[in-house]
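# Geometric and topological summary
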Amino acid sequence: MSTQGRFITLEGVDGAGKSTHLGFVADWLRQQGREVVVTREPGGTPLGETLRELLLHREMDADTELLLMFAARRQHLAELILPALARGAWVVSDRFTDASYAYQCGGRGIAAERIAALEAWVQRGFAPDLTLLFDVPPEVAEARRSAARTADRFEREADSFFNRVRNAYLDRARAEPARIHVLDARQSIEALRTEIGQLLQGLA
Ligand code: TYD
């Protein structure tokens, strides 16, 4: 068995409920005896968390937003993700580059080629081993968002923005079915856990 760890990402529109399942994924892997590092984007490092504060709360140009996402991502890879994988840990991240395609391309309308160029520069071919995409219809996500705490800059966007984000995520899942698994996040937490457990088993 390879000593290199695996990289798992969780994605979905705000309100899909992915954060609820992050701890379950980590616990499941730990029960298999893995060292697990749980992290998030934007963020995951001291610099990345500082950038997250700006990204979530300061108004900015869409290209600036995209560049800051990738600046945070480069630091995240260099400082945390790649070293953890190299020592054999499994890394579970709440969002990664699929979110840039969904939000900055789908949501904001930036050309996918620009994101692909940054992805090639920053990741040099690196990609998640498994991505869980939590998918819900827009009205369900909207109801969950409004029940949650104070909205950040993204969560204040219109329904049409989240429809585009969702569709961009689903397009990516269709293009990369071996990596991205779409989960119907309207199911009960228990049903989702069963499905997630099966996917993780397949990765072991
Ligand atoms: P989120 O992951 O939803 O955290 P929380 O559950 O604490 O609200 O918030 C991160 C926000 O950042 C989310 O609205 C999506 C956005 N985002 C992008 O627009 N592009 C990206 O590349 C990433 C990683 C996140």
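Predicted model only: the values in this text are computed from it and were never measured. (Residues numbered from 1 in each chain as written. Predicted model: local features only at pLDDT ≥ 70, side-chain atom pairs only at ≥ 80, totals over all residues. Heavy atoms only, no water.)

Another aspect to go through is the overall build of the protein. Helix and strand counts for the protein come out as eight helices and five strands. Ordered by position from N to C terminus, the α and β elements of the protein give β-α-β-α-α-β-α-α-β-α-α-β-α. Taking 2.2 N^0.38 as the reference for a compact globule, 204 residues should give roughly 17 Å; the C-alpha atoms of the protein span a radius of gyration of 16 Å, in line with that estimate. When its C-alpha atoms are laid out on the principal axes, the protein stretches across 45 × 40 × 30 Å. A burial count over the protein gives 49% of its 204 residues as buried. Once local pairs closer than 6 in sequence are excluded, the contacts in the protein between residues at least 24 apart make up 79%. Accessible area of the protein: about 9,600 Å², with a carbon and sulfur share of 52%. For the protein, the separation between the mean place of its 26 positive charges and that of its 29 negative charges on side chains is 2 Å. (Helix = DSSP H or I, 4+ residues; strand = E, 2+ residues; numbered from the N terminus. Rg over C-alpha atoms; globule rule 2.2 N^0.38 Å. Buried < 20%, exposed > 50% of the residue type's maximum accessible area, 1.4 Å probe, protein only. Contact = heavy atoms within 4.5 Å. Areas by Shrake-Rupley, 256 points an atom, 1.4 Å probe, with all protein chains shown as cover. Lys, Arg positive; Asp, Glu negative; His and termini not counted. Charge placed at Lys NZ, Arg CZ, Asp CG, Glu CD.)

A few words now on the pairing of strand β1 (residues 7–12). Here β1 lies mainly inside the structure; six of its six residues are buried. The two faces of β1 match: Phe7, Thr9 and Glu11 on one face and Ile8, Leu10 and Gly12 on the other face are all buried. The pairing of β1 with strand β3 (residues 90–94) spans four bridges and is parallel. Residue pairing across strands places Thr9 opposite Ser93, the latter belonging to β3. Note that β1 and strand β4 (residues 130–135) share five bridges and pair parallel. For Ile8, the partnering residue across the bridge sits in β4 and is Leu130. (Pairing = 2+ DSSP bridges.)

A few words on the site of the ligand. Taken together, 17 residues form the shell around the ligand, and within it Asp14, Arg95, Ser100, Gln104 and Arg149 come nearest. Contact distances for the ligand include 3.0 Å between an oxygen atom and a side-chain N or O atom of Arg73. Coverage of the ligand by the protein amounts to 91% of the 550 Å² it exposes when considered alone. If you list the elements that add at least two residues to the shell around the ligand, you get α1 (18–31), α3 (62–86) and α4 (97–107). By residue number, the principal contributor to the shell around the ligand is α4, which donates four residues. A class-by-class count of the residues in the shell around the ligand yields five nonpolar, three polar and nine charged. (Near = heavy atom within 4 Å. Polar contact = N/O pair within 3.5 Å; in protein donor to acceptor, adjacent residues only side chain to side chain. Nonpolar A, V, L, I, M, F, W, Y, C, P; charged D, E, K, R; others polar.)

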